[in-house]
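# Structural description and commentary
Here are the chains, one letter per residue:
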Amino acid sequence: LFAGIYPFYLQQRKAFVFDVSTIIVIVVFLTFACSFLLIIPGIRGRVRLYWTLRVLLSLVVGVVIVAVQFTGDWETGWVKANTSYKSFSRALVNVDVGLHVGLAGVNVTLMGNPVNQVNETINYNEHFAWSFGADYDHSYSEGLERGLPSPILYVAEKFTMQSPCGVHRQYRISSHYASATLWVAFCTWLISNMLFSMPVLVYGGYMLLVTGAFMIFSLFSFATVRNTPMCPIQFGTTTLHTGYGGSFWLTLVIGLLCFVAGITVAALHYFNLDLLKTFFDLREDKAEEYQEMTEVYINPHFVNKGL
């Protein structure tokens, strides 16, 4: 106590799903999409549909690869509980406690039912980072000094290095490797777009397969945290259980989409090259080239001169 008052201070909160970095990524890719939609009316015929499909699918893959780096719902869990609100206080509150694990750290959410209880507004979301350059234990110590609500500190303590649970290192390393493989997937996605524009279609398809493979590798890396038994997070008789969140499943879907697209491009290259060239707007150029060569060979002027 400080002068008879519990030490409790507000801090800047961070959304557990979307934050500033995620919004910036989405806005950048939306700008690219809108710019393309402005020029799409200038493309004639069915080629307009093919261009739209290719560009939008490619942008979706790119924005997902980058955006999930900053989301906080790779692993999530909620529990409704009656628990103490502050240390050294017997007052119980009815709250929803949420745990949201991302690649950059952990978000702990506390929301009252109702929001106004014990003469306070219970609606908090605290972020504890473990990315490079961040010290998780230091963030937790700052939370103790600020006097954060007991449920938040109780959940966050499970991921500290001094915790008997021993999950901090596993989560941190798994998240770092998952993030690194996703950045590699982003690079291979860029290379695939370059190859499609050169155009070297079959190699672009191969790079899409590599992109999907690295996205799946990132999922395998993050999933290794399941090999470490998680300490029970209990509030009275209720237990907080976690499962894979939206970012995990979205990455899986886009990774499988890259596999399907890459296999389709490679199969069309070997079994129906004309259809593949039509989809990538290459068949007309070749036809014009052959037409010009045909006109040159049948020029009557050269035929009459015996050439």
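As shown above, the structure is provided for reference.
Residues numbered from 1 in each chain as written. Predicted model: local features only at pLDDT ≥ 70, side-chain atom pairs only at ≥ 80, totals over all residues. Heavy atoms only, no water.

## Digging into the sheet that holds strand E1 (residues 75-84)
How we decide: Think of it this way: DSSP has to see at least two bridges between two strands before they count as a pair. For the purposes of this entry, the term helix denotes a DSSP run of H or I that reaches at least four residues, the term strand denotes a run of E that reaches at least two, and both are numbered from the N terminus.
With antiparallel pairing, the five strands of this open sheet are ordered in space as E4-E3-E2-E1-E7. Only two strands of the sheet have a single partner each, and these edge strands are strand E4 (120-129) and strand E7 (243-244). Where strand E2 (residues 92-101) lies against strand E3 (residues 105-117), seven bridges are found, and the strand directions are antiparallel. Residue pairing for E3: Val95 is matched across the bridge by Gly112.

## Re the pairing of E3
For a regular strand, side-chain orientation follows a simple rule: the groups alternate between the two sheet faces. The loop that links E2 with its antiparallel partner E3 comprises three residues. Judged from the nine bridges that link them, E3 and E4 form a sheet pairing that is antiparallel. Along E4, the bridge assignment pairs Gly105 with Ala129. Counted between consecutive antiparallel strands, the loop separating E3 from E4 contains two residues, among which Val118 sits at a positive phi close to 45°.

## Quick word on a nonpolar patch on the surface
Filter applied, for reference: The patches reported here contain residues having more than 30% relative accessible area and no salt bridge. Joining distances are 9 Å for like charges and 5 Å for nonpolar side chains (Val, Leu, Ile, Met, Phe, Trp, Tyr). Using a 1.4 Å probe, the Shrake-Rupley method yields the accessible areas, and only the shown protein chains count as cover for residues. A carboxyl oxygen of Asp or Glu within 4 Å of a side-chain nitrogen of Lys or Arg is what we treat as a salt bridge.
Among the surface-exposed residues, Val20, Ile24, Val28 and Phe32 lie close enough to one another that they form a single nonpolar patch of about 390 Å² accessible area. Its place among the elements puts Val28 in helix H1 (residues 20-39).

## Some remarks on the environment of Val25
Here is the rule: The contact definition used throughout considers only heavy atoms, calling two residues in contact when any of these lie within 4.5 Å.
Note that Val25 resides in helix H1. In this structure the C-alpha to C-alpha distance between Val25 and Phe70, which are 45 residues apart in sequence, comes to 9.4 Å. Apart from the residues within four sequence positions on either side, Val25 is in contact with Val63, Val66, Ala67 and Phe70.

Treat this as a map of the structure, not an account of what it does.
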